[in-house]
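Commentary on secondary and tertiary structure
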Amino acid sequence: MQLLKKNIYIVVMVLALFLALSCPVLASTPTEQVREKADKVLKILNDPALKNNKEKRRDLVMNIVEDMIDWQEVSRRALAIHWRKRTAEERKEFTNLYRDLLKRTYSDKLDLYAGEQILYDSEKIEGSRAVVKTRMINKKKGEEASVEYRLIKKDDRWLGYDLVIEGISAVNNYRVQFNEIITSSSYENLIKKMKNREFKIREASKGTKSSKK
Amino acid sequence: MGFREDFGVAEDAMKHHGLLLLLLIIVVSVFFPLGTGYTQTTSPQDETIQSTEPPSASDAREAEESEEVKDKKEEDSSVKKEEQDKGKEEAADEDEKDDEYLEEEEMETIADPLKPFNRLMFDFNDKLYFYLLKPVAQAYEAVLPEPVRVSIRNFISNITTPVRLLNCILQGKAEKAGIEYSRFMVNTIAGGLGFFDVAKKYHNLQRQDEDFGQTLGFYGMKEGFYIVWPFFGPSTVRDTLGSAGDFFSDPFVYVNPTTDIEITKINSNIHSGINTTQRVNEISLTLGTYEEFKESSIDPYVSMRSAYFELRRKKIKE
């Protein structure tokens, strides 16, 4: 009996040691994780075979992006003080709705891609959170835009929760909008507006590409 | 045209209009001393948290503590506060991590007492874009190839160096002023009078966007409330004043300065012509951006207001 216990003890020890050793190997830096995903996305965007199949291109990119984002964290931050007043069910509904809305809006923006390159400037880690600063460079126009990825550590993986483009935080901007709508009308109204928006974008992207340039 | 002439012109302008500007500043700062009377809060939390920047994690906890202390003092809004506190307690029970990241959950303070007027002007500018500026820019885009339009942008940007340089100097930012000065010299001489931004391309000298609104902010003037101007778009009380200041340091205003009224008239036409060209040129290079912005927001007016404040506050801190 005692021998068995000792054996288990040793097994646990070995396992723990193994885990402790393997963790640093598994957990890559935030920049590496962002770069890995971004490279995949750029590869798809630069693929001439996919250039004319925008629908497929969007789906491929969104599949990559989707699982590198902590959607609940995004939703929680965007609703801020109003998140606390929501029931678990409402939170789930909101998260799903907000995710669909963001995916639709941002996948539309992929069509604006015009050969921009990404430069990785710096990385800052504070506890379970990290900021990866990058620059998007358009050589043709000689333009560049700063893009900052904000990440949170979840089970050895860095997941995105905010995107700061040219100093403007996406989550912050939505938070102010959500707050304004909730305080001036109601949470239900916000949900209604979001559903409308999502529906409109879906309809717009379904139909032939309108005169949008 | 030499740098010295341009700069001299701008300097003269400041001498001539300096008094007027000073008067304007005094008038405005008397009327809008701290912006406090005009602060319209966007959330109950605003009443206590006035900081414009997200503090660090430890600061957030302190802020929350002080918030609670203030809560006790401010009894007039106790009903709202109670609700909020209740919500907080519930959340704390459900998931404690909520409190860890409070710092970024603060609502920024935005004063918008002119909201009905501003919304009207926002709609006006929106229509102006879709029915006038966009079609014009599209026609312009069809005629001029992209490299030409980029060069026009570079040229105008180079000519307006005095505006940025002056504000770098006014804020005592020697390094930035040096960069602007070097950029002007390099681009004027090696970049074909500024049509090519060689300073950025080969010397990695980035444009330093400093304006008079930022200078006023640098010296502690509060932003005041939000104003959407027809034609010009989002601004604040301070930035409106800043734009007026920048107008006087814009060399285009002093193209061939003379006392002859007829010529002055022509010059002012040239100036507005250049302004329009600049506007259309810029839109032609960024077609689609405004549409995307509108599509990605649920309330475009609020989204733009928030973005405007966030950007300006960040720029002033730089």
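Preceding this section is the structure that the text describes.
Just so you know, these numbers come straight off a predicted model, no measurement behind them.

Notes on the overall build of chain B
Per the secondary structure count, chain B includes 13 helices and two strands. Classification of the 318 residues of chain B by burial places 47% in the buried group. If you take every contact in chain B between residues at least 6 apart in sequence, the share linking residues at least 24 apart comes to 74%. Surface summary for chain B: the accessible area is close to 16600 Å², and the carbon and sulfur share equals 62%.

Overview of the overall build of chain A
Each helix and strand counted, chain A has seven helices and five strands in total. Its helices and strands taken in sequence order, chain A reads α-α-α-α-α-β-β-β-β-β-α-α from the N to the C terminus. In chain A, which comprises 213 residues, the proportion classed as buried is 42%. For chain A, restricting intrachain contacts to residue pairs at least 6 apart in sequence, the fraction spanning at least 24 positions comes to 52%. When the accessible surface of chain A is summed, it comes to about 12200 Å², and 58% of that surface belongs to carbon and sulfur atoms.

A short note on the sheet that holds strand E4 (residues 157-165) of chain A
Residue and element names in this part refer to chain A. Strand order in the open sheet made by the five strands is E1-E2-E3-E4-E5, with antiparallel pairing throughout. Only two strands of the sheet have a single partner each, and these edge strands are strand E1 (117-126) and strand E5 (168-169). Against the sheet, helix H4 (residues 71-79) engages strand E2 (129-138), strand E3 (143-154) and E4, with an angle of about 40 degrees to E4.

Quick look at the environment of Met-194 of chain A
Along the polypeptide, Met-194 of chain A turns up in helix H7 (residues 187-206). On the basis of relative accessibility, which here comes to 0%, the residue Met-194 of chain A falls in the buried class. What Met-194 of chain A contacts, discounting residues up to four positions off in sequence, is Phe-94, Leu-97, Tyr-98, Leu-101 and Phe-178 of chain A together with Ile-298 of chain B.

Section: the side chain of Asn-172 of chain A
Mapped onto the elements of the fold, Asn-172 of chain A is located in helix H6 (residues 170-184). At 3.1 Å, the side chain of Asn-172 of chain A and the side chain of Glu-310 of chain B are in polar contact.

A look at the nonpolar core
General note: in soluble globular proteins, nonpolar side chains tend to be found buried as a group. Among the nonpolar cores identified, the biggest contains 25 residues, and Tyr-129, Tyr-226, Ile-283 and Tyr-301 of chain B are the most heavily contacted of them. Contributions of two or more residues to this core are made by helix H4 (115-143), helix H5 (146-159), strand E1 (226-229), helix H11 (261-285), helix H12 (289-296) and helix H13 (300-317) of chain B. Sorting elements by how many residues they give to this core places H4 of chain B first, with seven residues. Contact partners of Tyr-226 of chain B, with chain neighbours within four places excluded, come to Ala-111, Asp-112, Leu-114, Asn-118, Pro-234, Ser-235, Thr-236, Tyr-301, Met-304, Arg-305, Tyr-308 and Phe-309 of chain B. Residues Trp-83, Phe-94, Tyr-161 and Val-171 of chain A belong to the second largest nonpolar core, which totals 24 residues.

Things to note about H4 of chain B
Turn by turn, an α-helix covers 3.6 residues, leaving residues three or four places apart pointing in a common direction. Residue and element names in this part refer to chain B. Here H4 spans 39 Å end to end across 29 residues, near enough to the 42 Å set by a 1.5 Å rise per residue. Bending of H4 peaks at approximately 45 degrees at the position of Tyr-129. Of all the residues in H4, the buried ones are Asn-118, Met-121, Phe-122, Asn-125, Asp-126, Leu-128, Tyr-129, Leu-133, Lys-134, Ala-137 and Tyr-140.

Side note on a nonpolar patch on the surface
A cluster of nonpolar side chains, contributed by Tyr-9, Ile-10, Met-13 and Val-14 of chain A, occupies part of the molecular surface with about 450 Å² of accessible area. Counting through the fold element by element, Met-13 of chain A comes out in helix H1 (residues 2-26).

Description of unusual backbone geometry
Residue and element names in this part refer to chain B. In the Ramachandran plot, Leu-193 falls in the positive-phi region, its phi being about 60 degrees despite a non-glycine side chain. You will see that Asn-204, though not glycine, has its phi angle at about 50 degrees, which is positive. Within the secondary structure layout, Asn-204 lies in the loop between helix H8 (198-203) and helix H9 (212-218). Residue classification places Asn-204 among the exposed positions, given a relative accessible area of 55%.

Topic: the environment of Asp-59 of chain A
Tracing the backbone shows Asp-59 of chain A in helix H3 (residues 54-66). Spatially, the C-alpha atoms of Asp-59 of chain A and Glu-126 of chain A are 33 Å apart, while their sequence positions differ by 67 residues.

How each quantity is defined
- Residues numbered from 1 in each chain as written.
- Chains lettered and ligands numbered in written order.
- Predicted model: local features only at pLDDT ≥ 70, side-chain atom pairs only at ≥ 80, totals over all residues.
- Heavy atoms only, no water.
- Helix = DSSP H or I, 4+ residues; strand = E, 2+ residues; numbered from the N terminus.
- Buried < 20%, exposed > 50% of the residue type's maximum accessible area, 1.4 Å probe, protein only.
- Contact = heavy atoms within 4.5 Å.
- Areas by Shrake-Rupley, 256 points an atom, 1.4 Å probe, with all protein chains shown as cover.
- Pairing = 2+ DSSP bridges.
- Axes fitted to C-alpha atoms, helices over the stretch in contact; angles between N-to-C directions.
- Polar contact = N/O pair within 3.5 Å; in protein donor to acceptor, adjacent residues only side chain to side chain.
- Core = buried A, V, L, I, M, F, W, Y, C linked by side-chain atoms within 4.5 Å.
- Expected span 1.5 Å × (residues − 1).
- Bend = angle between axes of the 7 residues up to and from the residue.
- Patch = residues over 30% accessible without salt bridge, like charges linked within 9 Å, V, L, I, M, F, W, Y side chains within 5 Å.
- Salt bridge = Lys/Arg side-chain N within 4 Å of Asp/Glu carboxyl O.

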